[in-house]
Amino acid sequence: MTQESIQIITVGLDTLWVLLAAFLVFFMQAGFGMVEAGFIRAKNTCNILTKNFLDFCMASIGFFMFGYAIMFGDGNAFMGLKGWFLSGAQSGADIPLYAFWLFQAAFCGAAATIVAGGMAERMKFQAYLIYSFAISALIYPIVGHWIWGGGWLSALNFADFAGSTVVHTVGGTAALVGTIMLKPRIGKYKPDGKPNAIAGHSIPLASLGVFILWFGWFGFNPGSSLHVGDGSLIALVAINTNLAAAAGGISAMITVWKTVGKPDLSMAMNGALAGLVAITAPCAFVEPWAAITIGAIGGVIVVYGVILLDKLQIDDPVGAVPVHGMNGFWGTIAIGFFCKESLGLAQNGLFYGGGFKQLGIQMLGALSVIIFIIIGMSIVFKLINVTIGLRVSRDEELKGLDIGEHGMEAYGGFQIFTTE
Amino acid sequence: MKLIVALIQPHKLPDVKKALYDAEVYKMTVTNALGSGQQKGYTEAYRGVIHEVNLLKKLRLEIAVNDEFVEPTIDAIIKGAQTGQIGDGKIFVLDLSDCVRIRTGERGNEAIG
């Protein structure tokens, strides 16, 4: 074969790989939908699924119009300024622009949809539509530009392979800001401040969702290689992804078993997701033993994170903040401990004798993103709150948002027994 | 002894329960019910078709009380369930000829309290 035809086949193979990964990441949207629907009450299920569905639609259009230009266009260290509506836009990898765009758009949708769970069961639908356009067209792409689009953090060699910070810390922190501003659901906290359990209505749906997410993550992380190469990198990333999820599930189950007395499935599933989020940044830079450690710590973080939020009376119905926010942060700084220079970073991590340099860079990056999101999303949610309002009325919340917002029920023909 | 049967809006149950607790009425039975009254139902939309839902979801509360608790119980239910709009519900008060506590075999006033 000539050099030229090998080149064509390589690009074709890489494009096929990235598109396949993009399709898997798109399917994670279904996973998020099922997890969130399962963990909330039946009377709000139609509402959360509508939000989940529409935010991918909004993210696709928003990322086409402005998001891609801000994230990957030429500009300054803060944001890109070229390639609006993809006109004149350049691909960020050695594959065609449209394949790269689709992969990135699916990531953008994931960041947007994380927030739906944290603000579930009480946020106005209209407010959510506006929020989802704002985060995907403006807020997410700015952070993406800093880290993946040639911005100031990538210039510092900040490492985030598949987006613990770019996607998950962004989504989790935005959910934290939103849920604090919305205040808890009616009946979540007793007058003395102790939490009530508001049980999810379908554990089977939630567990289907977790499996779909885990499956989709095999596109999310390995696909972020953006090329196939000799296959060794995507193989390492795939095994690390799987091991971290498994370790997170086990460690969360043990932790909740010890603290509460029963092996709570909902918490074990949150633990697997925590492991997946935590390994997302380091998956290409660490060895499998480190992936197990990172995932297992993620599972512990998620259990104590959920308990901590309840102590602080921050009502996060599906655990979006502990899973995506806290573990996004943990996964990002874990690179500073466990990374290996031989796997493609500027220096070894702390545990391989590389000192504190990488850890310091990871800390700086993660904290600046958190601060930026807190400020940015506070402004977005405040603006929505003073114009059309964030939260539905008390009566509507008690009746359920399915009837109130959409005039239809998730489970037509069933009578939902309301006891609280 | 009276049996108080109240039909209320499902989403007012937390308020009614709280008012009953404040009036020291702790015993009740709650069931799902469907019914129609003066309130003409509401509309749902499904795949572009708007249809009226005539039988509305209500909750049925049953509380057996001794005579001195009848008025406080009624007041508490009204306090919790009243919004002033059609559909708030109704309260029926029925004579109760006897009451038996299965565990002990006690009868009448003793068994209710």
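Conventions we followed
- Residues numbered from 1 in each chain as written.
- Chains lettered and ligands numbered in written order.
- Predicted model: local features only at pLDDT ≥ 70, side-chain atom pairs only at ≥ 80, totals over all residues.
- Helix = DSSP H or I, 4+ residues; strand = E, 2+ residues; numbered from the N terminus.
- Rg over C-alpha atoms; globule rule 2.2 N^0.38 Å.
- Buried ≥ 20, exposed ≤ 12 C-beta atoms within 10 Å, placed from the backbone.
- Contact = placed C-beta atoms within 7 Å.
- Axes fitted to C-alpha atoms, helices over the stretch in contact; angles between N-to-C directions.
- Parallel < 35°, antiparallel > 145°, perpendicular 65-115°, else oblique.
- Left-handed = near helix turned anticlockwise from the far one by under 90°.
- Nonpolar A, V, L, I, M, F, W, Y, C, P; charged D, E, K, R; others polar.
- Expected span 1.5 Å × (residues − 1).
- Bend = angle between axes of the 7 residues up to and from the residue.
- Core = buried A, V, L, I, M, F, W, Y, C linked by C-beta atoms within 7 Å.
- Pairing = 2+ DSSP bridges.
- pLDDT = per-residue confidence, 0-100.
- Arc of directions from axis to C-beta.

Caption draft 1: View of the overall build of chain B. Along the backbone of chain B there are three helices and six strands. When the elements of chain B are put in sequence order from the N terminus, they spell out β-α-β-β-β-β-α-β-α. Taking 13 Å as the expected radius of gyration for a compact globule of 113 residues, we find that chain B reaches 17 Å, considerably beyond that expectation. For chain B, the residues scored as buried account for 20% of the 113 residues in total. Sequence separation of at least 24 residues holds for 72% of the intrachain contacts in chain B that already meet a minimum separation of 6.

Caption draft 2: Layout of the overall build of chain A. A tally of regular secondary structure across chain A gives 14 helices and zero strands. Shown N-terminal to C-terminal, the secondary structure of chain A runs as helices and strands in the order α-α-α-α-α-α-α-α-α-α-α-α-α-α. Each principal axis of the C-alpha distribution contributes one length, and for chain A these read about 70 × 50 × 40 Å.

Caption draft 3: Region of the structure containing the packing of helix H6 (residues 164-182) of chain A against helix H12 (residues 357-387) of chain A. Residues and elements named next belong to chain A. Put simply, H6 and H12 touch, their axes get as near as 9 Å, and they point 45° apart. Here H6 lies oblique to H12, going by the angle between them. In this structure, H6 meets H12 at a crossing whose hand is right-handed. Counting all contacts with H6, which are made through Thr165, Thr169, Val170, Thr173, Ala174, Val177, Gly178 and Met181, the residues of H12 involved are Gly365, Ala366, Val369, Ile370, Ile373, Ile374, Met377, Ser378, Phe381 and Asn385. Class assignment of the residues belonging to the contact of H6 with H12 gives a composition of eleven nonpolar, seven polar and no charged.

Caption draft 4: Geometry of helix H11 (residues 320-338) of chain A. Residues and elements named next belong to chain A. With 19 residues, H11 ought to run about 27 Å at 1.5 Å a step, and its terminal C-alpha atoms sit 25 Å apart, in line with that. Of all the bends in H11, the greatest, near 30°, is centred on Asn327. When you tally the buried positions in H11, you get 18 out of 19 residues, the bulk of the element.

Caption draft 5: Inspection of the nonpolar core at higher detail. Val25, Ala111 and Ala244 of chain A are the most contacted members of the largest nonpolar core, which totals 136 residues. Per-element accounting of this core gives the leading share, 14 residues, to helix H3 (residues 97-118) of chain A. Setting aside its immediate chain neighbours within four residues, Ala244 of chain A contacts Gly275, Leu276, Ala278, Ile279, Ala291, Ile292, Ile294 and Gly295 of chain A. By size, the runner-up hydrophobic cluster in this structure holds 15 residues, among which are Ile4, Ile8, Leu61 and Ile112 of chain B.

Caption draft 6: Quick look at the sheet that holds strand S5 (residues 56-65) of chain B. All names here are of chain B. An order of S2-S5-S1-S6 is seen for the four strands of this open sheet, with the pairing classed as antiparallel. Strands with a single pairing partner mark the edges of an open sheet, and in this sheet they are strand S2 (29-35) and strand S6 (89-95). Here the strands of the sheet are splayed against their neighbours by 25° on average, with no regard to which way each runs. With seven bridges connecting them, strand S1 (residues 2-8) and S5 associate as antiparallel partners. Residue pairing across strands places Val5 opposite Glu62, the latter belonging to S5. Helix-sheet contacts for helix H2 (residues 70-81) involve S1, S5 and S6, and the interaxial angle to S1 is about 5°.

Caption draft 7: Focus on the pairing of strand S3 (residues 42-46) of chain B. Residue and element names in this part refer to chain B. Counting buried positions over the five residues of S3 gives zero, only a small fraction of the element. Two elements, S3 and strand S4 (residues 49-53), share five bridges in a ladder whose sense is antiparallel. Paired with Tyr46 across the bridge in S4 is Val49. Between S3 and the antiparallel strand that follows it, S4, lie two residues; Arg47 among them carries a positive phi value of about 50°.

Caption draft 8: Looking closely at the interface of chain A and chain B. Contacts between the two partners involve ten residues from chain A and, on the opposite side, ten residues from chain B. For the side of chain A that touches chain B, the per-class residue count stands at three nonpolar, four polar and three charged.

Caption draft 9: Structural detail: the packing of helix H4 (residues 125-147) of chain A against H12 of chain A. Residues and elements named next belong to chain A. As a packed pair, H4 and H12 sit with axes 11 Å apart at the nearest point and diverge in direction by 150°. The pairing of H4 with H12 is recorded here as roughly antiparallel in orientation. Pair H4 / H12 crosses with right-handed handedness. Between H4 and H12, the contacting residues are Ala127, Ile130, Tyr131, Ala134, Ile139 and Val143 on the first element and Val369, Phe372, Ile373, Gly376, Met377, Val380 and Ile384 on the second. Among the residues forming the contact of H4 with H12, the class breakdown is twelve nonpolar, one polar and no charged.

Caption draft 10: Structural detail: the environment of Trp217 of chain A. Residue and element names in this part refer to chain A. Mapped onto the elements, Trp217 comes out in helix H7 (residues 203-220). Taking the C-alpha atoms as reference, Trp217 lies 6.8 Å from Val25; in sequence the two are 192 residues apart. In this structure Trp217 touches Thr241 and Leu276, once residues within four positions along its chain are discounted.

Caption draft 11: Examining the confidence of the model for chain B more closely. Residues and elements named next belong to chain B. Residues of chain B with pLDDT of at least 70 account for 97%, and the chain-wide mean is 89. The lowest-confidence element of chain B is S3, averaging 73 in pLDDT; the highest-confidence one is S1, averaging 96. Model confidence for the complex is summarised by a pTM of 0.90, with the ipTM given as 0.71.

Caption draft 12: Fine view of the environment of Met181 of chain A. Residues and elements named next belong to chain A. By the element assignment, Met181 lies in helix H6. It is 30 Å that separates the C-alpha atoms of Met181 and Ala334, two residues lying 153 residues apart in sequence. Dropping the residues within four chain positions of it, Met181 is found in contact with Phe381, Asn385 and Leu390.

Caption draft 13: Quick look at unusual backbone geometry. Residue and element names in this part refer to chain A. Positive phi, normally seen in glycine, also occurs at Phe85, with a value near 55°. Mapped onto the elements, Phe85 comes out in the loop between helix H2 (45-72) and H3. Since 11 C-beta atoms lie within 10 Å of it, Phe85 is described here as exposed. Backbone geometry places Lys183, a non-glycine residue, at a positive phi of 75°.

Caption draft 14: Inspection of helix H1 (residues 13-22) of chain B at higher detail. Residues and elements named next belong to chain B. Among the residues making up H1, those that are buried are Val16, Ala19 and Leu20. Projected down its long axis, H1 shows its buried positions confined to an angular sector of 100°, all on one face. Exposed residues on H1 whose side chains face more than 90 degrees from its buried face are Tyr21 and Asp22. Buried residues along H1 sit in contact with S1 and H2. Directly after H1, the chain includes Glu24, whose backbone phi takes a positive value near 60°.

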